[in-house]
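# Coordinate inspection notes
Next come the chains, spelled out residue by residue.
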Amino acid sequence: MWYLYGFALLAGVANAIEPGQNATLAKVTGQPMLAGVFCFALAIVCFLGVIIVVRLRGQSPTDAATRVPWWAWPGGILGAAVVLAQLYISEQVGAAPFLGCVITAGVIGSIALDHYGLIGFERHCASRWRILGGVLMVAGVALVAVF
């Protein structure tokens, strides 16, 4: 399972690079919404490529879709909100404060999701160490943003 952490670290690096790419695309084209649409279109092309390579096996897409809880479907809206923030906010506040806020809010939110076992996550108690980690992240983002 150690390699999964490696993929998570690579996703974190990609998460640090993406706001700059998207903000630059929006600025240079002068069309932030078109830049956002392009980003999502490219993501769809990537997903279609992976689907072709991996292929759904053992069940039809219709069977799989009927078992999905209602709250799982609108995840793309949240992804769009992240891209909109990248397009409009990241360049103005800077890469480090922007990403620090995104990651810190994600960690604090995930502590709550884990604690209550929401949206498909198993329950993991919000121990004092997890809470302390969230507090330290907030302090770290404050330091990055101020200095």
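Keep in mind the model is a prediction, meaning the values are calculated, not measured. (Residues numbered from 1 in each chain as written. Predicted model: local features only at pLDDT ≥ 70, side-chain atom pairs only at ≥ 80, totals over all residues. Heavy atoms only, no water.)

It is worth spelling out the side chain of Asn-22 at this point. Tracing the backbone through its elements, the reader meets Asn-22 in helix H1 (residues 2–29). Exposure remark for Asn-22: the relative accessible area of 5% places this residue in the buried category. Only 2.4 Å separates the side chain of Asn-22 from the side chain of Gln-86, close enough to count as a polar contact. Excluding residues that lie within four positions of it along the chain, Asn-22 makes contacts with Cys-39, Val-83, Gln-86 and Leu-87. (Helix = DSSP H or I, 4+ residues; strand = E, 2+ residues; numbered from the N terminus. Buried < 20%, exposed > 50% of the residue type's maximum accessible area, 1.4 Å probe, protein only. Polar contact = N/O pair within 3.5 Å; in protein donor to acceptor, adjacent residues only side chain to side chain. Contact = heavy atoms within 4.5 Å.)

Further remarks concern the packing of aromatic side chains. If you walk through the whole model with that rule in mind, you get two aromatic pairs. Where Trp-2 meets Tyr-3, the ring centres are 6.3 Å apart and the plane angle is 90°; that geometry is what we call edge-to-face. According to the relative accessible area criterion, Trp-2 is exposed, its value standing at 71%. An angle of 90° between the planes, with centres 6.3 Å apart, marks the rings of Tyr-3 and Phe-7 as edge-to-face. Residue Tyr-3 and its partner Phe-7 are both found in helix H1; the two are separated by four residues, about one turn of the helix. By relative accessible area, which is 53% here, Phe-7 ends up exposed. Taken together, the ring pairs connect Trp-2, Tyr-3 and Phe-7 into an aromatic cluster. (Phe/Tyr/Trp six-rings, centres within 6.5 Å; stacked < 30°, edge-to-face > 60°.)

For the protein chain, the mean per-residue pLDDT works out to 87, and 93% of the residues sit at or above 70. The lowest-confidence element of the protein chain is helix H3 (residues 61–66), averaging 61 in pLDDT; the highest-confidence one is helix H7 (residues 128–146), averaging 93. (pLDDT = per-residue confidence, 0-100.)

Most of the time, phi is negative for any residue but glycine, and the peptide bond is trans. For Ile-119, which is not a glycine, the phi torsion comes out positive at approximately 40°. Here Ile-119 shows up in the loop between helix H6 (95–116) and H7. For Ile-119, a relative accessible area of 46% translates into the label partly exposed.

Two elements in contact, helix H2 (residues 32–54) and helix H4 (residues 75–88), have axes whose closest approach is 10 Å; the angle formed by their N-to-C orientations is 135°. Of the possible angle classes, the one that applies to H2 and H4 is oblique. The handedness of the crossing between H2 and H4 comes out as right-handed. Only Gly-79, Ala-80, Val-83, Leu-84, Leu-87 and Tyr-88 of H4 make contact with H2, whose side of the interface consists of Pro-32, Met-33, Ala-35, Gly-36 and Phe-40. Class assignment of the residues belonging to the contact of H2 with H4 gives a composition of nine nonpolar, two polar and no charged. (Axes fitted to C-alpha atoms, helices over the stretch in contact; angles between N-to-C directions. Parallel < 35°, antiparallel > 145°, perpendicular 65-115°, else oblique. Left-handed = near helix turned anticlockwise from the far one by under 90°. Nonpolar A, V, L, I, M, F, W, Y, C, P; charged D, E, K, R; others polar.)

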